[in-house]
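Structural features, examined
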Amino acid sequence: MSRRSQKFPSYSHHKASGQAIVRLDCVDHYLGPYGSEESHERYERAIAEWRLRRQEATPLKSGNLPCPLASPLTVNELILR
């Protein structure tokens, strides 16, 4: 049986702009100049906030299995948005 480690989105280099970038929930977040102390601090803060949002969004059911992150939108909810 293999162990599954919790994988975090990686700190990456956006070569075209020279910026550090992290993709969280399919959204790119630019963090500042790649390799700078500021960009690493922003990355750590973004990951901490992302982990907190995911923990709050996934209450545990019986059996300790996480719930789906979000329920799909109804057509009416989509139109209203």
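Quick caveat: nothing in here was measured; it's all calculated off a predicted structure. (Residues numbered from 1 in each chain as written. Predicted model: local features only at pLDDT ≥ 70, side-chain atom pairs only at ≥ 80, totals over all residues. Heavy atoms only, no water.)

Counting residues in each nonpolar core, the largest one holds nine residues, listed as Tyr11, Ala20, Val22, Leu24, Leu31, Tyr43, Ala46, Ile47 and Trp50. With four residues, the single largest contributor to this core is helix H1 (residues 37–57). Filtering out sequence-adjacent residues up to four positions away, Val22 remains in contact with Pro9, Ser10, Val27, Asp28, His29, Leu31, Tyr43 and Ile47. (Core = buried A, V, L, I, M, F, W, Y, C linked by side-chain atoms within 4.5 Å. Buried < 20%, exposed > 50% of the residue type's maximum accessible area, 1.4 Å probe, protein only. Helix = DSSP H or I, 4+ residues; strand = E, 2+ residues; numbered from the N terminus. Contact = heavy atoms within 4.5 Å.)

Right, let's talk about the pairing of strand S2 (residues 19–24) for a bit. Bridge count for strand S1 (residues 12–14) against S2 is three bridges, and the pairing is antiparallel. Looking across to S2, one finds that Ser12 is bridged to Ile21. As consecutive antiparallel partners, S1 and S2 are separated by four residues, and within that stretch Gly18 has a phi angle of approximately 75°, a positive value. Alignment of S2 against strand S3 (residues 27–33), held across six bridges, turns out to be antiparallel. (Pairing = 2+ DSSP bridges.)

Read these as layout, nothing more, since geometry by itself doesn't imply function.
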